[in-house]
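Spelled out, the chains give:
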Amino acid sequence: YFSNPTSNKVNVSYHYNPEVSQYHYGALHPMKPFRLMLTDHLVISYKLYEKMDLYSPRRATKEELLEFHSEDYINFLQTITPEKTAKMNDQTLAQFNIGDDCPVFDGMYDYSAIYAGASLDASRKLISGMSDIAINWSGGLHHAKKFEPSGFCYVNDIVLSIINLLRVHPRVMYIDIDLHHGDGVQEAFYTTDRVMTVSFHKYNGEFFPGTGSVDETGIGKGKNYAINVPLRDGIDDESYIRLFKSIMEPLITKFQPTCIVQQCGADSLGYDRLGCFNLNIRAHGECVKFIKSFGIPMLVLGGGGYTPRNVSRLWCYETSVLNDITLDHKIPNYLPTYDWFGPDYSLHPQLEGRIDNKNSKKYLESVKQEVWEQLRYLNH
Ligand code: ZLM
Ligand code: CA
Ligand code: ZN
């Protein structure tokens, strides 16, 4: 249970360095760090700071980044600039997976050190018991690998935070509700039974990053400690919530994590620019509420999300859920970025129904059965 057994109060902390929102991946790139400013404005306008502890964390140091990433890669990230890129040989750029998804942009090392610094700060507050729930919406960049960036992610703040949490926590559970497979985190802990990774994602063998079929389950000591829930286009609120709960409840009961890291990528919402699911903000938030109900210390992170006005609404709503606060549907009109939320100016726009639901009852039932089958082999 949460840290202070003599009080019902849940300590929530919010870790945000406003500098992070000023970086640009480049014109037309779908990843927009300014969505983090929109989120922060909503959180502040709804006065959610009254109940939470707010921290403006320092950047991660190079030494901290090297806890997971290779020295060659971090040196490259630190020294490369858009000007140098033009003069570099293509082989080095290809070696470090530089391209349209992961371009070289001004300040990308600083940007990475800022969002990773915020996740590490949040993990430290959980370790010290100062927080029961620690939030960093700028984190959750789950694709970054030891030797290279991938899918808009340069350093893997999730892996770095979990490595930190493992210094005191015997078992950490990672839950990923981003539209994409959490491949970087799965790979980092594929051979250990101390971290269980669970990802829900769109899967058809082609969709980025291409991994995440049910039969990727871990190897060696880590056998059965990686869980994958592959989904088709258009999954709706009701079936997602039902599947999520029916899988997570027995997994948590069996694995008994002492800490949970939840990645809350917003690209699983309906109407996402890169997305293909049908979830409403309330349904996504229900998955966070459900995990919170277990009373286990939680690190809550952002991730994908490519329709900024909906990303920010979602993460503001989830901040309220984590604080047990009910918010007015009407967005406060004194918000500096109020214009972004028209024409409805509501926290809960209708996002369901754009895409045909290709997940039959039968298909979802079979995925659930396969995961339950895997659960039987867990020896805890
Ligand atoms: N091309 N510009 C999710 C990461 C998804 C790989 C196909 C690049 C895009 C996308 C980039 C402006 C998270 C792939 C895509 C075009 C090879 C992906 C730059 C549009 C643009 O207009 C674009 C020049 C760009 C990238 C679309 N990339 C859509 N989907 C995925 C990566 C990250 O949400 O999970 C966590 C933050 N990449 O499908 C290609 C195969 C590169
Ligand atoms: Ca996922
Ligand atoms: Zn994603």
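It should be emphasised that the depicted structure is a prediction, and the values quoted were computed from it without experimental measurement.

Conventions adopted
- Residues numbered from 1 in each chain as written.
- Chains lettered and ligands numbered in written order.
- Predicted model: local features only at pLDDT ≥ 70, side-chain atom pairs only at ≥ 80, totals over all residues.
- Heavy atoms only, no water.
- Core = buried A, V, L, I, M, F, W, Y, C linked by side-chain atoms within 4.5 Å.
- Buried < 20%, exposed > 50% of the residue type's maximum accessible area, 1.4 Å probe, protein only.
- Helix = DSSP H or I, 4+ residues; strand = E, 2+ residues; numbered from the N terminus.
- Donors = N, O, S within 2.8 Å, 3.2 Å for Na, K, Ca; no water.
- Near = heavy atom within 4 Å.
- Polar contact = N/O pair within 3.5 Å; in protein donor to acceptor, adjacent residues only side chain to side chain.
- Areas by Shrake-Rupley, 256 points an atom, 1.4 Å probe, with all protein chains shown as cover.
- Nonpolar A, V, L, I, M, F, W, Y, C, P; charged D, E, K, R; others polar.
- Pairing = 2+ DSSP bridges.
- Arc of directions from axis to C-beta.
- Contact = heavy atoms within 4.5 Å.
- Phe/Tyr/Trp six-rings, centres within 6.5 Å; stacked < 30°, edge-to-face > 60°.
- Axes fitted to C-alpha atoms, helices over the stretch in contact; angles between N-to-C directions.
- Parallel < 35°, antiparallel > 145°, perpendicular 65-115°, else oblique.
- Left-handed = near helix turned anticlockwise from the far one by under 90°.
- Disulfide = S-S within 2.5 Å.

Draft legend 1. Structural context of the nonpolar core. With 118 residues, the main nonpolar core has Ile162, Phe200, Tyr240, Phe244, Met248 and Leu251 as its most contacted residues. By residue number, the principal contributor to this core is helix H6 (residues 108-128), which donates nine residues.

Draft legend 2. Broad picture of the coordination of the calcium ion (ligand 2). Taken together, Asp176 (O), Asp176 (OD), Asp178 (O), His180 (O), Ser199 (OG) and Phe200 (O) make up the protein donors of the calcium ion (ligand 2), found 2.4 to 3.1 Å from the metal. One chain supplies every donor to the calcium ion (ligand 2), and in sequence these donors are spaced D-x1-D-x1-H-x18-S-F. Within this pair, whereas Asp176 is found in strand S4 (residues 172-176), its partner Ser199 is found in strand S5 (residues 195-202), the two being separated by 23 residues in sequence. We classify Ser199 as buried; its relative accessible area is 4%.

Draft legend 3. A look at the site of ligand 1. Of all residues adjacent to ligand 1, which total 20 residues, the nearest are Asp101, His142, His143, Asp267 and Tyr306. Within the side chain of His142, one N or O atom sits 2.7 Å away from an oxygen atom of ligand 1. Calculation on ligand 1 without its partners gives an accessible area of 830 Å², and the protein chains cover 66% of this total. In terms of residue class, the shell around ligand 1 is made up of nine nonpolar, seven polar and four charged.

Draft legend 4. The arrangement of the pairing of strand S3 (residues 133-136) in detail. Side chains of S3 alternate between two faces, with Ile133 and Ile135 and Ala134 and Asn136 buried alike. As judged from the four bridges shared by S3 and strand S8 (residues 298-301), these two strands associate in the parallel manner. Pairing of Asn136 across the sheet is with Leu301, part of S8.

Draft legend 5. Local environment of helix H3 (residues 71-79). What H3 keeps buried is the set Tyr73, Ile74, Phe76 and Leu77. One side of H3 holds all its buried residues, which, seen down the axis, span an arc of 155°. Buried residues belonging to H3 abut helix H2 (62-65), helix H5 (90-95) and H6.

Draft legend 6. Structural detail: the packing of aromatic side chains. In this structure the tally under the stated criterion is 20 aromatic pairs. For the pair Phe105 and Tyr111, a centre-to-centre distance of 5.7 Å together with 65° between the ring planes defines the contact as edge-to-face. Assessed through its relative accessible area of 5%, Phe105 is described here as buried. Between the aromatic rings of Tyr240 and Phe277, the centroid separation amounts to 6.5 Å while the plane-to-plane angle is 55°, which identifies the pairing as tilted. Of this pair, Tyr240 sits in helix H9 (residues 237-255) while Phe277 sits in the loop between strand S7 (259-263) and helix H10 (281-292), placing them 37 residues apart in sequence. Taking relative accessible area as the criterion, Tyr240 reaches 2% and is therefore assigned buried. A relative accessible area of 1% places Phe277 in the buried class. Taken together, the aromatic side chains of Tyr23, Tyr25, Phe105, Tyr111, Tyr115 and Tyr154 make up a single cluster linked through ring pairs.

Draft legend 7. Highlighting the coordination of the zinc ion (ligand 3). The protein atoms that coordinate the zinc ion (ligand 3) are Asp178 (OD), His180 (ND1) and Asp267 (OD), at distances spanning 1.9 to 2.0 Å. Mapping the donors of the zinc ion (ligand 3) onto the primary sequence gives the spacing D-x1-H-x86-D. Here His180, found in the loop between S4 and helix H8 (183-188), pairs with Asp267, found in the loop between S7 and H10; they are 87 residues apart in sequence, far enough to count as distant. Pair check on accessibility: His180 and Asp267 agree, each one buried.

Draft legend 8. Here's a closer look at the sheet that holds S3. Strand order in the open sheet made by the eight strands is S2-S1-S3-S8-S7-S4-S5-S6, with parallel pairing throughout. Lying at the two open borders of the sheet, with one neighbouring strand each, are strand S2 (53-55) and strand S6 (226-231). Strand-to-strand twist across the sheet, computed as the mean angle between neighbouring axes with direction ignored, equals 15°. Bridging between strand S1 (residues 12-15) and S3 involves three bridges; their strand directions are parallel. If you follow Tyr14 over to S3, its bridge partner there is Ile135. The strands touched by H9 are S4, S5, S6 and S7; relative to S5, the strand with the most contacts, the crossing angle is about 170°.

Draft legend 9. Highlighting the packing of H10 against helix H11 (residues 308-322). Two numbers describe how H10 lies on H11: the axes approach to 9 Å, and their chain directions differ by 30°. By the criterion of interaxial angle, the relationship of H10 to H11 is roughly parallel. Every pair of crossing elements has a handedness; the one defined by H10 and H11 is right-handed. On H11, the residues touching Ile281, Arg282, His284, Gly285, Val288, Lys289 and Lys292 of H10 are Asn310, Arg313, Leu314, Tyr317, Glu318, Val321 and Leu322. Classifying every residue of the contact of H10 with H11 by side-chain character gives six nonpolar, three polar and five charged.

Draft legend 10. How the structure looks around helix H1 (residues 35-45). The element H1 is extensively covered by neighbouring structure, given that nine of its 11 residues are classed as buried. Those residues of H1 that fall on the buried side of the exposure criterion are Arg35, Leu36, Leu38, Thr39, Asp40, His41, Leu42, Val43 and Ser45. Positive phi appears at Lys47, one or two residues downstream of H1, with a value of about 60°.

Draft legend 11. Structural detail: the state of the cysteines. Summed over all chains, the structure comprises zero disulfides. Looking at Cys259, it has no disulfide partner, and the nearest cysteine sulfur is the one in Cys264, 14 Å off. Cys259 gets classed as buried once you look at its relative accessible area, which sits at 0%. The structure places no disulfide on Cys316, whose sulfur is separated from the nearest cysteine sulfur, that of Cys264, by 14 Å. Residue Cys316 is classed as buried on the basis of its relative accessible area, which comes to 0%.

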